[in-house]
Amino acid sequence: YFDKTIKDRSFKSKYCLAASAFNQITHITNGKIKPDEIYITNLCNSALPHAPKGKTVYIPENNANAGVENIKMIIGENPSIEYIFPMSLQVNYWLQKLGFYNSSSEFLEKSTPKTFGIQNEPPYFEPTGKSPFLMICGNKYKVNNGTQTVIPILHAKCFPLNNQFRAYEPAYERIRNYFKI
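Residues numbered from 1 in each chain as written. Predicted model: local features only at pLDDT ≥ 70, side-chain atom pairs only at ≥ 80, totals over all residues. Heavy atoms only, no water.

J.: Report on the environment of glutamate 106, specifying residues and quantitative values.
T.: Mapped onto the elements of the fold, glutamate 106 is located in helix H4 (residues 105-111). It is 8.9 Å that separates the C-alpha atoms of glutamate 106 and methionine 135, two residues lying 29 residues apart in sequence. (Helix = DSSP H or I, 4+ residues; strand = E, 2+ residues; numbered from the N terminus.)

J.: Give me the packing of helix H1 (residues 12-28) against helix H6 (residues 169-178): which residues, what numbers.
T.: Contact geometry of H1 with H6 gives a least axis separation of 8 Å together with a crossing angle of 65°. On the side of H1, the interface is formed by Gln24, His27 and Ile28, while H6 contributes Tyr172, Ile175 and Arg176. Each residue belonging to the contact of H1 with H6 can be placed in one class, and the counts come to three nonpolar, two polar and one charged. (Axes fitted to C-alpha atoms, helices over the stretch in contact; angles between N-to-C directions. Contact = heavy atoms within 4.5 Å. Nonpolar A, V, L, I, M, F, W, Y, C, P; charged D, E, K, R; others polar.)

J.: With reference to specific residues and values, describe helix H3 (residues 89-97).
T.: In terms of residue burial, H3 counts as a mostly covered element, since eight of its nine residues are buried. Regarding H3, the residues found buried are Leu89, Gln90, Val91, Asn92, Tyr93, Trp94, Leu95 and Gln96. Looking at the buried side of H3, the elements it contacts are strand S1 (56-57), helix H2 (61-77), H4 and strand S3 (124-125). In this structure serine 88 caps H3, since a side-chain oxygen of it lies 3.3 Å from the backbone nitrogen of valine 91. Following H3 by one or two positions, glycine 99 adopts a phi angle in the positive range, close to 80°. (Buried < 20%, exposed > 50% of the residue type's maximum accessible area, 1.4 Å probe, protein only. Polar contact = N/O pair within 3.5 Å; in protein donor to acceptor, adjacent residues only side chain to side chain.)

J.: Describe in detail the packing of H2 against H3, supporting the description with residues and values.
T.: Packing of H2 against H3 brings their axes to within 10 Å, and their N-to-C directions diverge by 75°. One element, H2, and the other, H3, form an angle in the roughly perpendicular class. On the side of H2, the interface is formed by Glu61, Ala64, Val68 and Ile71, while H3 contributes Trp94, Leu95 and Lys97. When its residues are assigned to classes, the contact of H2 with H3 shows five nonpolar, no polar and two charged. (Parallel < 35°, antiparallel > 145°, perpendicular 65-115°, else oblique.)

The values are spatial; any link to function lies outside them.
Written out as C-alpha cells, the structure is:
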C-alpha cells in the first residue's frame, strides 16, 4: 500500500483493497488512527477453494483457529495495539465462536454457517439468520483476556458505503462518534 511505484497489474486489485481498508479506518476514526499506525492481517492466510459465483469463501474452523492464535500473537508482540476492526460477518463469527471476544449468543446463532453451504463442493459461507452483522457492526467489545477494543466493521470492499449498505450508516456514525477529536 505504501509503495506507490508498483505497476504490476496482478497487484492492482490488492492495492485497491488495501487502500480501501486504510481509508475506511482513517475515515471512521476521524483521522485519529493513521495508515502508518495500522497493522493489517487476515484471519486466514491459506489458499482456500473459490466459492461459487455470488457466494462467500468458507474459512474452515481449523484455519480460523490458526488465525485467532496468530492474532493473539500479534497483539502480544505489539502491546500498543488498542483497537481491532474485524471486517466481515464470517470473521466476526469465528472470532466469537473461538472465544476471542463476545457479543451475544443470538449473533452466534444467526451467523452460524448453513450446513448445505459447508457441504457444497466447493464450500461457501452463508449464515443461518438474516442480516446478523447488523446486530454487532459498529458496537464496541473487549478482547477476552486483553485490553483491546474490538469494533466490527464491513469488509474493505464495501467502503465507501453505497446504497446497498445504507442500513450500516448508523453503525458507522456511532463509530465516528467514538473517535470524536
